[in-house]
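# Structural overview for review
Now for the letters of each chain:
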2 protein chains.
Amino acid sequence: MLEKDGSVANEKGFTVPTGVSAFDAASWNGIAIDSTCGGYGTCKKCRIQVTTGDVEPSKLDYRAFSESEIKAGWRLACLVRAAKDVTLDVPPLTTRPKAATVGVGRQVILRPAVQKRYVELEEPTLHDQRTDIVRLFDAIDDIEATVSLAAIRNLPKVLRSSYFKVTAVFVDQELIDIEAGDTTDLRYGIAYDLGTTTVVATLLDLNTGTPVAVKSMLNKQQPFGADVITRISATMMDATALDRLRGFAQQTLAELSAEVCEEAGVDPLNVYEVALAGNATMTQLALGIDPEPLGVAPFIMVSASFPDVQASELGINVHPRAKAVIMPSLGAYVGGDIVAGALASGMDRDKRLRLFIDVGTNCEIILGDGDKILATAAPAGPAFEAASIKCGVRAASGAIETIKVVDGDLEIGTIENTKAIGLCGSGLVDACACLVQLGLLDHSGRFVTAEAAAIAAPKVAHRLVEREGERVFVLTWGGAEGDLNDCVFLTQRDVRELQFAKAAIATGWALLLEEFGVAESEVQQVLLAGSFGSYLSPASAVKIGLVPMLPVMRIVSAGNVAGEGAKMVLLSAQERNGAMALLDSIDYIELSDRSDFNDKFVERLSFPA
Amino acid sequence: MLEKDGSVANEKGFTVPTGVSAFDAASWNGIAIDSTCGGYGTCKKCRIQVTTGDVEPSKLDYRAFSESEIKAGWRLACLVRAAKDVTLDVPPLTTRPKAATVGVGRQVILRPAVQKRYVELEEPTLHDQRTDIVRLFDAIDDIEATVSLAAIRNLPKVLRSSYFKVTAVFVDQELIDIEAGDTTDLRYGIAYDLGTTTVVATLLDLNTGTPVAVKSMLNKQQPFGADVITRISATMMDATALDRLRGFAQQTLAELSAEVCEEAGVDPLNVYEVALAGNATMTQLALGIDPEPLGVAPFIMVSASFPDVQASELGINVHPRAKAVIMPSLGAYVGGDIVAGALASGMDRDKRLRLFIDVGTNCEIILGDGDKILATAAPAGPAFEAASIKCGVRAASGAIETIKVVDGDLEIGTIENTKAIGLCGSGLVDACACLVQLGLLDHSGRFVTAEAAAIAAPKVAHRLVEREGERVFVLTWGGAEGDLNDCVFLTQRDVRELQFAKAAIATGWALLLEEFGVAESEVQQVLLAGSFGSYLSPASAVKIGLVPMLPVMRIVSAGNVAGEGAKMVLLSAQERNGAMALLDSIDYIELSDRSDFNDKFVERLSFPA
């Protein structure tokens, strides 16, 4: 593709998936093309010239260009979908497309599936007996519309009560409502991150691309168990559990929706699309689909994607015909939350070799360079949630969350800087990393002898004590130094728990690297995703071998990428299609039937030298 | 197209609409092509050879033919959709496609949109983790399936409880259910003729194409008025009327559905598609759409068609995801019943110049020769229902329904041969026709003088008497001859009523003939449709000028073609598409704004010479 900006011709070549428009291909690759409508063929500003190769003109091209311009190769970039190599000449930019920054530095061009068109129609006469719907669609020439019965039931009344001045509301091609007068400034969507523990809702203004309210709450399914397996088990024990779990998920979503709308002063009827990112179990439960085959071998999903769901089927009280985008899942344990995360992290576009790790009870791992993408799931167990750790607590006030080695001593930080009450996941990782660094844990994960400790780390060796018959390392004393009542400590068993968890993850990415045919050192970026990933110290992650041995600069926290991915699909139908395309572009690698899994796992149990 | 049957090559050429397969084009034109699946690419029997012209092979062609056969032009006829002229060579027939005779001698090739596929699937393993839906669809290679959430909610349970032996139920491409075991022999549909007065339901076995039960009842909307205008008025007076009218229509449909299923011993859950033929007002009311703009000038429909309606939206309790085909309407007064009638009468295929007349309060007229088709509506008023006739009664026991001239005298027949109690519509037409024939009515429609009557028709002249100050013609005496108590008679005003009604209709077809550029005598067939059309004497219709002056043989009763059309669309998706295509192929002519309407009307008031 040839970009002509001013006098200097700047040639760029790249390959895009079939069906991607030249307009999108250009913006993905940093070449801006004029547009005000965002790529719907309405503004007719995205003029480009095909200089070599053949691109059939579309119906709209004939409206935008003269016959001679068409012969000269002029086309609207948003309608050009090349199947073979073409060379395109892009005129200098005069305007900037609307865009929003979402996810891991992703620039998303605003083009929501939700569209509105305000029209003033001619009133019917005996000489113009077009049906109401044809009259409306004749005035909207850039959408090949479809329509459901429910959407047009009130059409006669709305047209006549508003003197034929109405706003048509579309989601993709489908007309979902006709509103009296001009309502084009009211266009919203809600993105949900449906976690097993926490559910987050973000209300987005689709006209500006900005979030206008965010709310979170605990998933009301909690009484059925903390993790997906206990919830699946519930449905196997009790025939009514599926309906109740579905009901609780839907109540959670409904309450959050009401809260974000209320906070932003937005009428729920102006929310026309929602997007849901959740793991496969949360997704099936919210949709009322029996999750049993997800929970038992061979771990089968009913479907990877759910293309045509209504928000009402999720119990969400927004516009009655609002659509729901359900993030597709790659496998029973690499769900829609991970696909959303991969989208938000640009795993399908970034040309660097990158490793995406969502750390949790079930850990999902993706390795890719934009062309080839591999994914797998690793059962890390509950260590990172500190559930099986002696002094483990949830990440709340008083939990030790950071530990650093400063001048041979430990600097310990708690959440909200209150008195330490226990150790949360990131604190556990830091603790082990520091003890390895100080030489108090050997590479096999054993506490060293008191003698060795005194030599290796004189300032902290006294914290390695005997308590109720086992050797423990005291992180904070109960009161004065030496007070073992209410002290927070690390046991040998705790260290083993962490080793098992990190070895499961490391085996996962090590096998993916092998499958990919690359070395650990070639990874250019490691993204730590999920809420746990955000708190994890990249340096500690390297020290314990949770991530490849790389310079710390290459290890970044990606934040709540699942929620970001859900936002992206609302802001851009093209990004939504990209999310669906990830199903084909990512290869899922099942680890549980690999003969070399156990060998690799044992190798990865120890801490790196 | 070249048909090769045995040794004799028989060349036929014809034009078909874009998108019609060679298989359908051939069967419409009397060339049989082998097929057992009915045109879905499954049986791979409909082999034809493209000898000139270019037809891209489809995905299924590659499964059906070798590379060299494809190069030689072999294709499956059901997948060939030519855009330009092609020559095809059709091998001799070895089997006969399933077909049913419906409508006016229409042979319908059985190809319901409702399809079932019984499959026995491999059970999943850790090495084969395909999702349930992919596993199912991989086993069905001839349908590019889509799926709704509701349809797959029970998929995991059904697959596992039936040991992965299931029957997939499709309507068109959409999977609507998965049933345990082999249920392919259970496949039903219900066709409704939703009349303003009477509603008829026919339960069809879609495997054989035969009706298995038929039931009718009065439309429960009757309390709101006998005709469409009074029902529309009700919705304008009372805000709750629309909901109530919708409810009554739906109750009528629901009760009939239950009755036909019970009579045939069919489980309503095995009814997967319904079809509804009704006028525009009945259709909009049943769908809950405000009919007001239909009832007042300029008479506007909300939409000509309703492409994606569920049977449940009509209140019909059959399969919860059964589809409903709503017959499209050409205009506010040429509704889905008439489009169904046009389909059943083959107005789009028969190459003869034919005139279709549905006689009633609102009379619909279609004129066409298969290539060009014109339609209009004529407000005939209530004369044919005998509502405004002095001795008029509904067509029930004791109504005079036939009158003939035999040897200069009248032969009068009543329904069920009981004592005459009045005159129904067909009796009124016969009465006027006989009196014109006998010379008792002159061509202007006036009773002749007693003197003229005595000369013209000595045997019946004495029936022309004075009664309560007006001259009437007595059809049947109350008791003995001359007894005017309880006699059934015809008044001068009755004759005028009929003249106005028949003139409205005759003006309609006369203007269509003019628009078409053909003379009355060129019409090769007149179809009298609707329940009234079935009872009308073709000879009398000619005599009073209700239909063109043609040999009586050319005038035929078409019967209840609306109901037949509804049946056809269930038996064949292709016929359904044909019904939708009628919207484009029929030109609606509005008569009310024609300047020459009144002149033509006055001309047509008199009886033909």
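Residues numbered from 1 in each chain as written. Chains lettered and ligands numbered in written order. Predicted model: local features only at pLDDT ≥ 70, side-chain atom pairs only at ≥ 80, totals over all residues. Heavy atoms only, no water.

Looking up chain A in an unreviewed UniProt entry gives the name Metal-binding protein, with the organism given as Candidatus Planktophila limnetica.

## Side note on the side chain of A:Lys600
Along the chain, A:Lys600 turns up in helix 19 (residues 597–605). Once you skip the residues sitting within four places of it in the chain, A:Lys600 turns out to touch A:Thr507, A:Ala510, A:Leu511 and A:Glu514. (Helix = DSSP H or I, 4+ residues; strand = E, 2+ residues; numbered from the N terminus. Contact = heavy atoms within 4.5 Å.)

## Notes on the pairing of strand 24 (residues 464–467) of chain A
Residue and element names in this part refer to chain A. Note: strand 24 against strand 25 (residues 470–476), four bridges, orientation antiparallel. Note on strand 25: the bridge partner recorded for leucine 464 is phenylalanine 473. In this structure, the hairpin formed by strand 24 and strand 25 is closed by a connection of two residues, where glutamate 468 is found at a positive phi of approximately 45°. (Pairing = 2+ DSSP bridges.)

## A closer look at the sheet that holds strand 25 (residues 470–476) of chain B
All names here are of chain B. Here three strands make up an open sheet; going across it, the order is 24-25-26 and the pairing antiparallel. Taken across any chain shown, the strands that pair with only one partner, and hence form the sheet edges, are strand 24 (464–467) and strand 26 (488–491). Sheet twist, expressed as the average angle between the axes of neighbouring strands with direction ignored, equals 50°. Strands strand 25 and strand 26 of the sheet are contacted by helix 12 (residues 425–438), whose axis makes an angle of about 65° with strand 26. The strands touched by helix 14 (residues 492–516) within the sheet are strand 25 and strand 26, with strand 26 carrying the most contacts at an inclination of about 65°. (Axes fitted to C-alpha atoms, helices over the stretch in contact; angles between N-to-C directions.)

## Concerning empty space enclosed by the protein
Residue and element names in this part refer to chain B. For the structure on display, the rule yields one cavity of 30 Å³ or more. By volume, the largest cavity is sized at about 30 Å³. If you trace the largest cavity, you find it lined by Ala151, Asn154, Leu155, Val158, Asp177, Ile178 and Arg321. Looking at the lining of the largest cavity, the elements that each hand over two or more residues are helix 6 (155–161) and strand 11 (174–180). Of the residues belonging to the lining of the largest cavity, the class tally is four nonpolar, one polar and two charged. (1 Å grid on protein atoms, 1.4 Å probe; cavity = no way out; pocket = protein on both sides within 12 Å on 5 of 7 lines; lining within 4 Å. Points joined across faces, edges and corners; volume = space filled by probe spheres on them. Nonpolar A, V, L, I, M, F, W, Y, C, P; charged D, E, K, R; others polar.)

## Brief notes about the environment of B:Ser312
All names here are of chain B. Tracing the backbone shows serine 312 in the loop between strand 16 (309–310) and strand 17 (323–326). Residue classification places serine 312 among the partly exposed residues on the basis of a relative accessible area of 43%. In the structure, serine 312 is positioned 185 residues away from glutamate 497 in sequence and 43 Å away in space, judged by C-alpha atoms. (Buried < 20%, exposed > 50% of the residue type's maximum accessible area, 1.4 Å probe, protein only.)

## Some details on the packing of aromatic side chains
The tally for this structure, following the rule as stated, stands at 14 aromatic pairs over all chains. Taken together, a centroid distance of 5.2 Å and an interplanar angle of 45° make the contact between A:Phe384 and A:Phe532 tilted. Of this pair, A:Phe384 sits in the loop between strand 20 (373–379) and strand 21 (399–406) while A:Phe532 sits in helix 15 (residues 530–535), and the two are 148 residues apart along the sequence. Overall, the relative accessible area of 3% leaves A:Phe384 in the buried class. We classify A:Phe532 as buried; its relative accessible area is 13%. On the numbers, 6.5 Å between centres and 35° between planes, the contact of B:Phe137 with B:Phe170 is tilted. Linking B:Phe137 in helix 4 (residues 132–138) with B:Phe170 in strand 10 (residues 165–171), this pair joins segments that are 33 residues apart in sequence. Under the relative-accessibility criterion, B:Phe137 is labelled partly exposed at 21%. These aromatic residues form a ring-pair network of at least three members: A:Phe500, A:Phe597 and A:Phe601. (Phe/Tyr/Trp six-rings, centres within 6.5 Å; stacked < 30°, edge-to-face > 60°.)

## Examining helix 9 (residues 280–287) of chain B
Residues and elements named next belong to chain B. Of all eight residues making up helix 9, eight are buried, and the element is well covered by its neighbours. Within the sequence span of helix 9, burial applies to Ala280, Thr281, Met282, Thr283, Gln284, Leu285, Ala286 and Leu287. Capping of helix 9 at its N-terminal end is provided by asparagine 279; its side-chain oxygen lies 3.1 Å from the backbone amide nitrogen of threonine 281. Within two residues after helix 9, glycine 288 carries a phi angle of roughly 80°, on the positive side. (Polar contact = N/O pair within 3.5 Å; in protein donor to acceptor, adjacent residues only side chain to side chain.)

## Brief notes about the sheet that holds strand 21 of chain A
All names here are of chain A. Across the sheet, three strands lie side by side as 22-21-23; this open sheet has mixed pairing. Across the chains shown, the open sheet's two edge strands, defined by having one partner strand only, are strand 22 (409–414) and strand 23 (422–423). Relative to strand 23, strand 21 is paired through two bridges, and the arrangement is parallel. Looking at the pairing, alanine 399 lines up with glycine 422 of strand 23. Those strands touched by helix 12 (residues 425–438) are strand 21, strand 22 and strand 23, and its axis lies near 20° from that of strand 21.

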